[in-house]
Amino acid sequence: MFVKVKRVCALLAAVLLLNTFLALVQPPVASAAETQTTELELQASSAILMEAGTGQILYEYNADKALPPASMAKMMTEYLVMEAIESGKLQMNQTINTSEAAADAIGSGQLLALNEQATVDNMFAAMSIYSANDATIALAEAVAGSEENFAKLMNEKAKEFGLSPEAHFINSTGLGRADMGKHAPTELQGETLLTAKDAAIIAYHLINDHKNVLEYTKTPSRKFREKDKDPMINWNWMLAANKSTRNFAKYAFEGLDGLKTGHTNEAGYCFTGTAERNGMRLISVVMGTGMGPKGKEEARFIETAKLLNYGFNNFETKSVLTAKAEIDSLKTVNIKKGVQLEVPVVTQTGLNLIVKKGTPADQFQVTTEVVEESKRIAPIEKGQVVGVAKVNYQNKEYSVNLITTDPVEKAGWFRLFFRAIKEFFVDTFTGAKSS
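What comes next is a walk through the structure.

To continue, consider the environment of Leu341. Counting through the fold element by element, Leu341 comes out in the loop between β11 (332–334) and β12 (342–347). For the pair Leu341 and Ala378, spaced 37 residues apart in sequence, the C-alpha to C-alpha distance is 9.4 Å.

Moving on to the layout of surface pockets. The probe, sized like a water molecule, is rolled over the atoms to show the empty space still left. The computed volume of the second largest pocket comes to approximately 310 Å³. No other element matches strand β7 (residues 256–264), which puts four residues into the lining of the second largest pocket. A class-by-class count of the residues in the lining of the second largest pocket yields five nonpolar, 11 polar and four charged.

Two orientations exist for strands paired in a sheet by backbone hydrogen bonds: parallel and antiparallel. A sheet is described by the order of its strands in space; here five strands give the open sequence β11-β12-β16-β15-β14, paired in antiparallel fashion. The sheet is open, and its two edges are formed by β11 and β14 (365–370), each paired on a single side. Each adjacent strand pair in this sheet contributes to an overall mean axis angle of 35 degrees, direction not counted. Here eight bridges tie strand β15 (residues 385–393) to strand β16 (residues 396–404), and the two strands are oriented antiparallel to one another. By the bridge assignment, Lys390 is partnered in β16 with Ser399.

If you check helix α7 (residues 147–161), its first and last C-alpha atoms are 21 Å apart, about what 15 residues at 1.5 Å a residue would give, namely 21 Å. Looking at the packing, one finds that the buried side of α7 touches α3 (74–87), α6 (133–144), α8 (177–180) and α9 (196–209). Note on α7: the residue one or two positions beyond its end, Gly162, has a positive phi of about 75 degrees.

Taken as a whole and assessed by the stated rule, the structure comprises 15 salt bridges. Between Lys157 and Glu160 there is a salt bridge whose closest N-O contact spans 3.3 Å. Linking Lys157 with Glu160, this pair stays in helix α7, spanning three residues, or about one helical turn. Given the relative accessible area of 6%, Lys157 is considered buried. A residue is classified by how much of its surface remains accessible, and Glu160, at 56% relative accessible area, is exposed. Put simply, Asp228 and Arg225 hold a salt bridge, and the shortest N to O gap is 3.3 Å. Comparing Asp228 with Arg225 shows no difference in burial state: the two are buried.

Criteria and thresholds
Residues numbered from 1 in each chain as written. Predicted model: local features only at pLDDT ≥ 70, side-chain atom pairs only at ≥ 80, totals over all residues. Heavy atoms only, no water. Helix = DSSP H or I, 4+ residues; strand = E, 2+ residues; numbered from the N terminus. 1 Å grid on protein atoms, 1.4 Å probe; cavity = no way out; pocket = protein on both sides within 12 Å on 5 of 7 lines; lining within 4 Å. Points joined across faces, edges and corners; volume = space filled by probe spheres on them. Nonpolar A, V, L, I, M, F, W, Y, C, P; charged D, E, K, R; others polar. Pairing = 2+ DSSP bridges. Axes fitted to C-alpha atoms, helices over the stretch in contact; angles between N-to-C directions. Expected span 1.5 Å × (residues − 1). Contact = heavy atoms within 4.5 Å. Salt bridge = Lys/Arg side-chain N within 4 Å of Asp/Glu carboxyl O. Buried < 20%, exposed > 50% of the residue type's maximum accessible area, 1.4 Å probe, protein only.

What follows is the structure, encoded as C-alpha cells:
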C-alpha cells in the first residue's frame, strides 16, 4: 500500500514538473486584438480598414493619430471639384488657366507652364492619376479664386464630414508650408494634418457621392496632351489593371481601382486604397510607411495588401434584414380611427452588415418599436413609416423603418360611434369581472 502511494505521488510530481516546463517554453495566449496585430505585422505609423458601403471599421491601428497625409489630402480636393462640376460651377470641357502659384508648385506634376490652359477633365486626370500639384492648384483656384480660399472650403467640408478636431488643411495638395515658398497661406496657420480615420472617411464620401472618380483613379496611364511623347503613369502600383505590366505586376491587386498615394519626407509613404470583390468594397489607409533615408516606395503597397487581404479573407456581407419583409415580432401595427384597426407592416429597406465569416444568426438581436399613437391616426397612406426595426450587433445598433403595406381610410362617424359604444361595454364588463 505504501509503495502504491509513493508511485502516485511520483506521478503527480512528474505531471506538475511537465506543466511548469511547458508554461516556461510556450508563449502566453494572445488576446484577439493582439493576435490580429501580430497576424498583420503592419509596418506603418497608423492604419485603418473600412467597408465602403456601411462605413464599418474592420481594423484600426493608431487610427486617431494626426499625421501629415501628403498627397492623400488631394482626396478632399477631388471631392470639392466633383461637387463644383455637379453643381454646374465647372464644366469638364471648360479650360482653366495656370497661375504663377500653380506653375511654381514643386513635387509631382510640373506639367504646366505659366498661363498655360487645359480642360478641367485633363487637369482632374493629372491630379488623380499623376498626383500633379500644379493641376491641383489650378483646379482649386478655379473653384474658389485662390488656393487659400479653397483650403478654407476643405476645412468647412472636414467639419461637415465629422472629421477629427485635429484635421486641418492649409492647401489643396498636401505639400508642407515650407515647400509652398512665397505662395504659403497667410491666414491659415500650421500644417495639413489628418488621421488615418479621417482619410478613410474622406474616401468613403468621395466614393459614395462621386463614384465616377474611380474612372480616373483606375487608369494606369494617360497622356496629358496628345502631342506628349510620354504618358502620365499612375503612382498607384496596385491597380488591378497593372497585372500585365512588367514593372508593377507583382503589386497588382485583384479588384483594386483607387485611390490616392502620398509622399513627403515628413509623411513617409502613404496610401489610401480601395478594392471591390464579390460585391464588397473595402477602403484601406496606411500612413508613415517606408520612413527614413532607406525607406522604399513599395512599403505602402505591401502594407496595404496585408490590410485588404485580411478584410477579404475574414469578412463577408451578411443580409440581416430583407427589404419589404415581415418582422415576426411586429407583423401589424394598431391604427386609431381607421376603417381597419390594424395594418400589416414590412421593412422599408434591407440591412446588410459586414461580419466575420461564419457569424451565427443569434449574434443579431432584432427588436421593434412603433411610432407614437398621434402618428398612427387614420387616414394612413401606403408606405407610411409607423415603426422601426432595430438590430444590435457587437453593441452597435442599426435601424430600418417599418412601413405600411396598405392604406387605411378614416372611419365614418357612424362606425366610430358604435365602436365607442362597444368599447364602453367591453371595458365595463371587464372591470366588473375583475372586481
